[in-house]
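Summary of structural features
Listed below are the residues making up each chain.
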Amino acid sequence: MAVTRITSRNARFQVLRTLLTNRTKRHRAGEFIVQGVRPISMAVEFGWEIRALLYDGERSLSSWARDLLRTVRTAQQTAMSPELLAELSEKGDGAVEILAVVAMRPDDLHRIPVRDDFLGVVFDRPTQPGNIGAIIRSADAFGAHGVITTGHAADAYDPKSVRASTGSFFAMPVVRAASPRDVAAWVEARRSAGVPVVVAATDEHGDADVSGFDLTQPVLLLVGNETNGLSNTWRELADVTVSIPMAGAASSLNAANAASVMLYEARRQRTFHPVS
């Protein structure tokens, strides 16, 4: 494929810039920008469509970058001036070596596999994209099968979210659902298909301590908004509310930390009491 060049803030550069800063235009284009060796490598490994590779046209590239350009043959290759590449990478200390423009995947709950060992996470109305990425990272580390965001919320495809996931974003389905009712209908369909998914909400005033609740069963964990917690709709839809025991003066945990604790406990239980 022929190499294109960008040496000025032309129309193509402006379009690329909006992928970083404008959520509406990012989703209209159906693509987002990824940086970093591990995230880009994982996007390739897990079969995401790489639409373009943007690299510094004035420097000698590493063997990793050269291999990437050589093997991802369907991507448009674009050589850029270092200062423009630095703007897209949002780095104050110079340009990264290479950026990838990656196609989004559909917001379809059926992308998430639901089996007898199902473990999923819902993040209700997140306000911080970095927290979405942190939860995705924990979900991947502790063996979850998918992450769902609901409501009017921060964007999982925001560069801060993708960066915070350290590549785990590409290893599992991450889906946005418009409302809790959409997720509830999906859960009910899975139950009708024979998988008895339990919806477990996290709250400081839970019905049960998380360590005493059976997380080896198929379960969808609910984590609330960073400021206001879970919506009333989610509280009504939950089958059970579990709490994380705490000591000290703290009354609650950061949403990403709470999700990590819940996911770790699920992993611990499943390690010692595996699903048959």
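Worth saying up front: this structure is predicted, and the values here are computed from it rather than measured.

Comments concerning the pairing of strand 4 (residues 76-80)
The side chains of a regular strand alternate between the sheet's two faces. Within strand 4, four of the five residues are buried, which leaves the element mostly enclosed by the surrounding structure. Relative to strand 4, strand 1 (residues 4-6) is paired through three bridges, and the arrangement is parallel. The residue bridging Ile6 from the neighbouring strand is Met80, located in strand 4. Here strand 3 (residues 50-56) runs beside strand 4; their pairing, made up of five bridges, is parallel. Among the inter-strand pairings, Ala52 is bridged to a residue of strand 4, identified as Gln76. Once the chain exits strand 3 it traverses helix 4 (residues 63-71) before rejoining the sheet at strand 4, and the crossover so formed is right-handed.

Considerations on helix 4
The set of residues buried in helix 4 consists of Ala65, Leu68 and Leu69. Looking down the long axis of helix 4, one finds its buried residues gathered within 95 degrees of arc, a one-sided arrangement. The elements touched by buried residues of helix 4 are helix 3 (37-45), strand 3, strand 4 and strand 5 (98-103).

Let's talk about helix 6 (residues 129-141)
Side chains that are three or four residues apart share a direction in an α-helix, a result of its 3.6 residues per turn. Here helix 6 contains 13 residues, and its C-alpha end-to-end distance of 19 Å stays within 8% of the 18 Å for a straight helix at 1.5 Å per residue. Against the buried residues of helix 6 lie strand 6 (119-124), strand 7 (146-150), helix 7 (159-164), strand 8 (174-177) and helix 10 (255-272). Gly143 sits one or two residues past helix 6 and shows a positive phi near 85 degrees.

Topic: the sheet that holds strand 12 (residues 240-243)
If you trace the seven strands from one edge of the open sheet to the other, you get 8-7-6-11-9-12-10, paired in parallel fashion. Of all the strands in the sheet, the pair left with one neighbour each is strand 8 and strand 10 (208-209). In this sheet, strand 7 lies alongside strand 6 in parallel orientation, the contact comprising five bridges. Pairing of Asp124 across the sheet is with Thr150, part of strand 7.

Here's the deal with the domain arrangement of the chain
Taken domain by domain, the chain comprises domain 1 (4-103) and domain 2 (109-272). Taken over C-alpha atoms, the centre of domain 1 sits 31 Å from the centre of domain 2. On the side of domain 2, 15 residues touch domain 1, which itself brings 15 residues to the contact. Here domain 1 and domain 2 share an interface that buries about 1,400 Å² over both sides, 60% of which is from carbon and sulfur atoms. By the criterion of area lost to domain 2, the three top residues of domain 1 are Arg23, Phe32 and Trp48, representing 37% of everything that side buries. Taken together, the links from domain 1 to domain 2 amount to one salt bridge. Counting every contact that joins domain 1 to domain 2 gives five residue pairs in polar contact (both at pLDDT 80 or more). Elements supplying a minimum of two residues to the side of domain 1 that touches domain 2: helix 2 (23-29), strand 2 (31-35) and helix 3. Ranked by residue count, the leading element in the side of domain 1 that touches domain 2 is helix 3, at four residues.

Conventions adopted
- Counting of residues starts from 1 at the beginning of each chain's written sequence and follows it residue by residue.
- Given that this is a predicted model, residues contribute local features only at a pLDDT of at least 70 and side-chain atom pairs are listed and counted only at 80 or more, while totals for whole chains, interfaces and linings are drawn from all residues.
- The side-chain quantities take in all heavy atoms of the structure and omit both hydrogens and water.
- When a residue's accessible area, from a 1.4 Å probe over protein chains only, is under 20% of the maximum for its type it is buried; when over 50% it is exposed; and in between it is partly exposed.
- Only runs of H or I of at least four residues qualify as helices and only runs of E of at least two qualify as strands under DSSP, and these elements are numbered from the N terminus.
- Strand pairing is defined by DSSP finding a minimum of two bridges between the two strands.
- Place the viewer so that the strands point away; then a crossover is right-handed whenever the path from the first strand over the helix to the second strand goes clockwise.
- For this quantity, the arc is that covered by the directions from the helix axis to the C-beta atoms.
- Contacts are assigned to residue pairs that have any heavy atoms within 4.5 Å of one another.
- In this scheme, a helix's expected span is set at 1.5 Å multiplied by one less than its residue total.
- The split of the chain into domains comes from an automatic or database domain assignment.
- Accessible area that two parts lose when put together, evaluated with a 1.4 Å probe and summed over both, is termed the buried area.
- By convention in these notes, a salt bridge is any Lys or Arg side-chain nitrogen within 4 Å of a carboxyl oxygen on Asp or Glu.
- Polar contact is the term for a pair of N or O atoms within 3.5 Å; when the atoms are in protein, one must be able to donate a hydrogen and the other to accept it, and sequence-neighboring residues count only if both atoms are side-chain atoms.

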